[in-house]
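This is what each chain is made of:
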2 protein chains.
Amino acid sequence: MSEQGFPGKLVQALGADTVITDPSEIEPWLTDWRGVYRGRAQAVVRPSTTQQVAECLRLCNDHRVPVVPRGGNTGLCGGATPDSSPANVVLSLDRMNRIRSIDTIANTLVADAGCILGNLRRAAHEAGRMLPLSLAAEDSSQIGGNLATNAGGVNVLRYGMARELALGIEAVLPNGEIFNGLQTLRKDNTGYDLKQLFIGSEGTLGVITGVALKLHPLMQVRAVVLAAVESPRKALELLRLVYGACGPRLQAFEFFTDECLGLVLQHVEGAQQPFAQRHGGYVLIELADTADEQALQALLEDVIGRALEEELCADAVVSATLAQLESLWRLREEISEAQRADGPHLKHDISLPIEQIPAFMASAEQRVRSVAPECRLFVFGHFGDGNLHYNVSRPAGADRDWAARCEGPVAEAVFAEVARYGGSISAEHGIGQLKRHAFHHHKDPMHIRLMLQIKQVFDPNGIMNPGKLL
Amino acid sequence: MSEQGFPGKLVQALGADTVITDPSEIEPWLTDWRGVYRGRAQAVVRPSTTQQVAECLRLCNDHRVPVVPRGGNTGLCGGATPDSSPANVVLSLDRMNRIRSIDTIANTLVADAGCILGNLRRAAHEAGRMLPLSLAAEDSSQIGGNLATNAGGVNVLRYGMARELALGIEAVLPNGEIFNGLQTLRKDNTGYDLKQLFIGSEGTLGVITGVALKLHPLMQVRAVVLAAVESPRKALELLRLVYGACGPRLQAFEFFTDECLGLVLQHVEGAQQPFAQRHGGYVLIELADTADEQALQALLEDVIGRALEEELCADAVVSATLAQLESLWRLREEISEAQRADGPHLKHDISLPIEQIPAFMASAEQRVRSVAPECRLFVFGHFGDGNLHYNVSRPAGADRDWAARCEGPVAEAVFAEVARYGGSISAEHGIGQLKRHAFHHHKDPMHIRLMLQIKQVFDPNGIMNPGKLL
């Protein structure tokens with residue numbers, strides 16, 4: 001039986017093993033990771049080469065068929081989930097999973113866009129180097145998606161976002177042309193840096209098919225302290241001290257409130273109270289270096305000694321063993337798990353000018369309480385790079401509809417305060433479908449106009465990832 | 001006496017003290033730093049505020065008058081020098097020289113575009129932080145120009161180009177609209193990162209009026225070694241070892257050939273031969289850290305010991321005193337001065353995939369000698385970031401016209417080899433007028449087409465810096 005219509009053309013051009021047209025087989029490709037979004041599609045294409053991606057896009061462009069690029073589907077904003085149009089074609093990069101090269105002289109890694117981030121991290125490690133991009137979903141997320149959404153993760157303070165690790169990009173434009181920007185040069189000043197446009201564009205300008213990334217030296221030793229601080233302001237003063245004294249060794253500077261600790265102690269088995277008494281908040285600081293654990297430990301103890309003396313922190317535990325290091329990290333890492341156990345909560349992935357965090361926290365709390373009076377706030381995040389997880393949970397005894405009822409007003413309250421302090425409504429995850437409304441409400445209209453005009457340059461027929469971002 | 005014509009309109013809008021219309025006063029603004037380029041202009045505008053820049057551009061755009069933005073005029077490619085049209089208006093940022101803020105918690109510096117780079121470096125230093133962008137012309141160059149040309153300099157290996165230090169940009173579009181992207185956020189994933197387009201655009205999209213930059217911790221201690229290597233290949237093996245062992249402390253990895261050393265010993269007073277015998281080439285390595293000079297010195301000695309053992313280098317001098325450190329650096333830094341003393345030479349600021357440098361050097365030499373048989377090659381540069389200064393000097397006894405006669409063929413030979421190895425014809429300085437022909441010859445036509453379309457979005461009337469880059 002030969003395929004009819006447009007799917008038939010895809011099969012003819014790319015082969016039956018590359019194109020899924022059976023509705024029941026398409027089904028799993030229509031929802032996002034959390035099952036919040038659900039769309040429709042007439043076909044799923046799984047190319048193995050850049051040439052096949054080009055052929056698919058050319059065909060879709062000629063027939064004005066919308067294309068939804070899909071990496072690991074872990075972005076949490078619905079950016080890789082098709083909208084409700086039955087005409088959509090989902091373009092999955094999962095078969096493009098070849099590492100093209102690793103070079104420990106130039107310190108570069110070149111790979112297909114469909115490579116799983118965790119696999120790339122392990123390959124770099126085996127070669128004696130580090131790919132510092134690291135995030136919770138790294139064993140599912142694909143590097144092309146990481147760049148298309150400019151992913152963040154736990155190492156941003158020291159190594160920057162995905163953008164800062166990208167040396168080159170290969171991409172296919174909607175008309176099927178291959179953009180060859182897969183270079184590994186550290187310095188190249190020959191005109192506009194076009195690859196920057198693809199990074200963070202969420203599949204609206206083309207499809208990333210290959211990436212060239214910077215590698216860093218392996219960090220072999222770590223030292224961790226948990227410091228009790230009386231306020232977010234004290235935490236920032238501590239940041240200033242530690243950054244100046246430890247310089248590039250500073251790997252993590254994570255803040256969480258006492259409410260977060262309380263939740264972890266309540267819900268996570270084996271979690272232990274770190275101090276004799278409770279404090280306003282806590283900062284977990286990690287240093288890392290290429291060698292010499294003793295020197296690193298001594299440096300950390302020295303700087304924490306100064307912090308205690310200057311009353312920037314009230315108490316501190318320096319990890320003496322790896323087990324202790326891991327149990328300190330657990331107090332921070334298990335906050336999300338404790339929240340899940342606690343019940344429904346409203347999440348906000350925001351960032352702020354770092355020095356404004358204390359003022360923001362005070363005024364945002366007031367504003368959120370004005371729309372959700374009895375709510376419980378769980379605020380934690382990467383203070384060192386201005387990124388806050390600003391999570392709001394229902395009051396004890398609230399009805400089941402609390403989250404659905406409060407979601408809109410609470411988000412509006414949080415985003416309004418973010419705007420007031422010059423922050424961003426999306427620090428890490430991007431816009432996708434989830435924040436499209438808020439994005440268009442809060443973003444400077446002139447910036448949106450320029451983005452739309454650039455979109456027009458790359459994708460004049462508007463086939464790329466409709467309903468996302470722009 | 002009231003001004004006539006368009007200059008009169010500028011005076012009316014901006015005030016007589018902001019607009020220069022007297023031809024003799026315009027004169028000094030019509031040439032580049034080296035006096036290679038010379039253009040024409042009907043007026044020079046020196047605004048003090050972003051609003052005045054906006055007013056000037058709006059007026060020029062309405063009257064289709066070409067605008068040439070000018071920072072410190074130190075780019076060496078003629079990018080800030082007007083072309084031969086008498087209609088040009090030169091827009092100098094020199095009066096916009098206010099530091100807007102320095103923050104040692106967020107580690108940011110916000111400043112007007114006309115601030116002198118050296119002044120910003122000193123201001124950051126006084127605040128206990130480092131602005132790592134550092135280059136020979138830093139006491140003349142302006143930060144807006146540094147970003148408009150994506151400047152490099154001596155710290156790129158560790159801290160990246162100007163682009164990597166930019167958190168935000170304020171710019172004025174040709175139509176007079178103010179692009180407000182002057183944020184200090186470390187994380188912001190809300191659409192295309194538009195500021196990236198202004199960086200490296202050489203004034204062809206708009207005028208940068210303000211910048212927000214990242215600051216880094218102050219490096220308080222340094223350690224330097226000069227290693228003798230038998231070949232560029234050995235130098236790269238040494239780079240691999242040092243990078244892995246010293247990690248983020250590696251601040252400079254500079255290579256120069258024995259021919260360069262010979263020139264310095266011949267022309268620079270007080271320069272001393274560093275080793276008992278001469279070698280094929282030399283690598284100057286600098287480590288830097290926030291504290292603990294002894295530990296840094298011990299690390300460097302340890303890694304050089306391993307390098308000698310593994311025969312990656314043939315000999316080495318580790319600096320024991322600051323005076324010794326400075327005299328080692330002089331051997332590298334005085335190469336340019338020695339070349340000047342030696343007579344006319346042809347310079348090429350190129351970059352290569354780092355691992356390809358040895359192969360490039362061998363085959364470029366052959367090709368250059370095929371067009372300039374007896375020439376002398378002086379090759380040095382920042383091996384750690386792939387940037388080579390590939391300089392070609394006339395043979396002993398050559399006639400006075402040698403440079404003029406060979407310039408074209410030699411550049412063609414060098415750029416052809418650069419293209420063959422996937423390098424860049426402009427590592428640091430950009431295109432300007434100087435490399436416009438070579439840029440259009442060597443750059444992928446599809447990239448140029450996209451650049452032209454983006455130029456059309458920002459500058460539909462084509463008033464911005466005509467004759468440069470595109």
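Bear in mind that the values here come from a model prediction, so they are computed numbers and not experimental data.

Definitions and limits used
Residues numbered from 1 in each chain as written. Chains lettered and ligands numbered in written order. Predicted model: local features only at pLDDT ≥ 70, side-chain atom pairs only at ≥ 80, totals over all residues. Heavy atoms only, no water. Helix = DSSP H or I, 4+ residues; strand = E, 2+ residues; numbered from the N terminus. Rg over C-alpha atoms; globule rule 2.2 N^0.38 Å. Contact = heavy atoms within 4.5 Å. Areas by Shrake-Rupley, 256 points an atom, 1.4 Å probe, with all protein chains shown as cover. Buried < 20%, exposed > 50% of the residue type's maximum accessible area, 1.4 Å probe, protein only. Polar contact = N/O pair within 3.5 Å; in protein donor to acceptor, adjacent residues only side chain to side chain. Buried area = accessible area lost by both parts, 1.4 Å probe. Salt bridge = Lys/Arg side-chain N within 4 Å of Asp/Glu carboxyl O. Nonpolar A, V, L, I, M, F, W, Y, C, P; charged D, E, K, R; others polar. Least-squares fit on C-alpha atoms with pLDDT ≥ 70 in both. UniProt positions renumbered as here; feature names shortened; annotations may be inferred. Pairing = 2+ DSSP bridges. Phe/Tyr/Trp six-rings, centres within 6.5 Å; stacked < 30°, edge-to-face > 60°. Axes fitted to C-alpha atoms, helices over the stretch in contact; angles between N-to-C directions. Parallel < 35°, antiparallel > 145°, perpendicular 65-115°, else oblique. Left-handed = near helix turned anticlockwise from the far one by under 90°.

Undergrad: Got a minute to help me understand the overall build of chain A in this structure?
TA: Summing up its helical and strand segments, chain A has 17 helices and 19 strands in all. Scaling as 2.2 N^0.38, a compact globule of 470 residues should have a C-alpha radius of gyration of about 23 Å, and chain A matches this with 24 Å. In terms of principal-axis extent, the alpha carbons of chain A reach across some 75 × 60 × 45 Å. In chain A, of all internal contacts separated by at least 6 residues, the share reaching a separation of at least 24 is 72%. Split by element, the accessible area of chain A, about 17,500 Å² in all, is 47% carbon and sulfur.

Undergrad: For this particular structure, what's the right way to read the side chain of B:Asn391?
TA: Residues and elements named next belong to chain B. Mapped onto the fold, asparagine 391 is located in strand 19 (residues 387–393). Judged by relative accessible area, which is 3%, asparagine 391 ranks as buried. Within the structure, asparagine 391 has its side chain in polar contact with the backbone nitrogen of histidine 348 (distance 3.5 Å).

Undergrad: Any chance you could explain the interface of chain B and chain A here in plain terms?
TA: Put simply, an interface is often sized by how much accessible area is lost when its parts join up. Of the residues lining the interface, 88 residues belong to chain B; the matching set on chain A comes to 88 residues. The contact between chain B and chain A buries some 7,000 Å² in all, and 58% of this surface belongs to carbon and sulfur atoms. In terms of surface lost to chain A, no three residues of chain B exceed B:Lys187, B:Asn189 and B:Tyr192, which account for 15% of the buried area on that side. In this structure, the connection of chain B to chain A is made through 12 salt bridges. A salt bridge links A:Glu428 to B:Lys187; the shortest N-O distance between them is 2.7 Å. The interface formed by chain B and chain A contains 38 residue pairs in polar contact (both at pLDDT 80 or more). If one sorts the elements of the side of chain B that touches chain A by residue count, helix 17 (residues 445–458) of chain B sits on top with 10 residues. In terms of residue class, the side of chain B that touches chain A is built from 36 nonpolar, 30 polar and 22 charged.

Undergrad: How should the relation of the copies chain B and chain A be read in this particular structure?
TA: Superposition of the two copies of the chain requires a rotation about an axis and a shift along the axis. With an RMSD of 0.0 Å, the operation that places chain B on chain A is a rotation of 180° combined with a shift of 0.0 Å along the axis. This pairing of chains is accounted for by a two-fold axis. Looking at the interface residues of chain B, 100% of them are also at the interface in chain A, so both copies use one shared face.

Undergrad: Looking at this structure, how should I read the UniProt feature "domain: FAD-binding PCMH-type" (unreviewed entry) in chain A?
TA: Sequence positions flagged by UniProt for "domain: FAD-binding PCMH-type" (unreviewed entry) are, in local numbering, residues 37–218 of chain A. End C-alpha to end C-alpha, residues 37–218 of chain A measures 39 Å, and it is 23% helix and 24% strand.

Undergrad: Is there a simple way to think about the pairing of strand 5 (residues 99–103) of chain B in this case?
TA: Regular strands place side chains that alternate from one sheet face to the opposite one. Residue and element names in this part refer to chain B. In the sheet, strand 5 pairs with strand 6 (residues 108–112) via four bridges, with the strands oriented antiparallel. Looking at the pairing, serine 101 lines up with valine 110 of strand 6. Following strand 5, the chain reverses through four residues before pairing antiparallel with strand 6; asparagine 107 in that reversal takes a positive phi of roughly 60°.

Undergrad: Sorry, what's going on with the packing of aromatic side chains here?
TA: Working definition: an aromatic ring pair is given by the centre-to-centre distance plus the angle between the planes. Throughout the structure, instances matching the rule amount to 14 aromatic pairs over all chains. Judged by centre distance (5.2 Å) and plane angle (50°), the rings of B:Phe179 and B:Phe198 are tilted. Here B:Phe179, found in strand 9 (residues 178–181), pairs with B:Phe198, found in helix 8 (residues 195–198); they are 19 residues apart in sequence, far enough to count as distant. Among the residues examined, B:Phe198 registers a relative accessible area of 1% and is labelled buried. On the numbers, 5.7 Å between centres and 70° between planes, the contact of B:Phe360 with B:Tyr390 is edge-to-face. Here B:Tyr390 lies in strand 19 and B:Phe360 lies in helix 14 (residues 357–371), a separation of 30 residues in the sequence. Under the relative-accessibility criterion, B:Tyr390 is labelled buried at 1%. Each member of the aromatic cluster is reached from another via a ring pair, and the members are A:Phe179, A:Phe198 and A:Phe458.

Undergrad: I keep staring at the sheet that holds strand 8 (residues 166–172) of chain B and nothing clicks. Help me out?
TA: Backbone-to-backbone hydrogen bonds pair the strands of a sheet. The strands run either parallel or antiparallel. Residues and elements named next belong to chain B. The five strands lie next to each other as 5-6-10-8-9, forming an open sheet whose pairing is antiparallel. Of all the strands in the sheet, the pair left with one neighbour each is strand 5 and strand 9. Each adjacent strand pair in this sheet contributes to an overall mean axis angle of 10°, direction not counted. With five bridges connecting them, strand 6 and strand 10 (residues 207–214) associate as antiparallel partners. When the bridges of strand 10 are listed, alanine 111 appears paired with valine 211. Its contacts with the sheet place helix 3 (residues 50–62) against strand 5, strand 8, strand 9 and strand 10, and it is angled at close to 50° to strand 8.

Undergrad: Mind showing me how you'd approach the pattern of salt bridges here?
TA: Should their charged atoms come close, side chains of opposite charge can pair. Residue and element names in this part refer to chain A. Evaluated as defined, the whole model comprises 58 salt bridges over all chains. Of the charged contacts, one joins arginine 332 and glutamate 254 as a salt bridge, the two residues approaching to 2.8 Å between their closest N and O atoms. Taken together, the residues arginine 332 in helix 12 (residues 322–333) and glutamate 254 in strand 13 (residues 250–257) connect sequence positions 78 residues apart. Each member of the pair arginine 332 and glutamate 254 is classed as buried. Sharing partners across several salt bridges, the network here consists of Arg98, Arg100, Asp112 and Glu170.

Undergrad: Can you walk me through the packing of helix 14 of chain B against helix 15 (residues 402–420) of chain B in this structure?
TA: Geometry of a packed helix pair, given as the angle between the helix axes and the separation of the axes. All names here are of chain B. At their nearest, the axes of helix 14 and helix 15 sit 9 Å apart, and the two run at 155° to each other. Relative to helix 15, helix 14 is oriented roughly antiparallel. For the element pair helix 14 and helix 15, the recorded crossing hand is right-handed. In this structure, helix 14 contributes Phe360, Ser363, Ala364, Arg367, Val368 and Val371 to the contact, and helix 15 contributes Pro409, Val410, Ala413, Val414, Ala416, Glu417, Val418 and Arg420. The residue makeup of the contact of helix 14 with helix 15, split by class, is 10 nonpolar, one polar and three charged.

Undergrad: So what exactly am I meant to see when it comes to the packing of helix 10 (residues 258–267) of chain B against helix 13 (residues 335–342) of chain B here?
TA: Residues and elements named next belong to chain B. As a packed pair, helix 10 and helix 13 sit with axes 9 Å apart at the nearest point and diverge in direction by 70°. Between helix 10 and helix 13, the crossing angle belongs to the class labelled roughly perpendicular. Taken as a pair, helix 10 and helix 13 cross one another with a handedness that is left-handed. Together, Cys260, Leu263, Val264 and His267 of helix 10 and Ile335, Ala338, Gln339, Ala341 and Asp342 of helix 13 make up the contact between the two elements. By residue class, the composition of the contact of helix 10 with helix 13 is six nonpolar, two polar and one charged.

Undergrad: Hey, could you run me through helix 4 (residues 117–126) of chain B in this one?
TA: Quick reminder: α-helices carry 3.6 residues per turn. Residues three or four places apart thus point the same way. All names here are of chain B. Every buried residue of helix 4 is listed here: Leu117, Gly118, Leu120, Ala123 and Ala124. Contacts made by the buried residues of helix 4 are with strand 5, strand 6, strand 7 (129–130) and helix 5 (143–148). Glycine 128 sits one or two residues past helix 4 and shows a positive phi near 90°.

Undergrad: Teacher, can you tell me more about the side chain of A:Asp258 here?
TA: Mapped onto the elements, A:Asp258 comes out in helix 10 (residues 258–267). Beyond its immediate sequence surroundings of up to four residues, A:Asp258 is in contact with A:Arg278, A:His279, A:Gly280, A:Gly281 and A:Tyr282.

Undergrad: Quick question: what am I supposed to make of unusual backbone geometry here?
TA: As a rule of thumb, non-glycine residues mostly have phi less than zero, and peptide bonds are mostly trans rather than cis. A positive phi angle is found at A:Leu469, which is not glycine, with a value near 55°. For A:Leu469, a relative accessible area of 0% puts it in the buried group. Its identity as a non-glycine residue notwithstanding, B:Glu311 has a phi of 60°, on the positive side. Inspection of the secondary structure assignment puts B:Glu311 in the loop between helix 11 (293–309) and strand 15 (315–318). Residue classification places B:Glu311 among the exposed residues on the basis of a relative accessible area of 57%.

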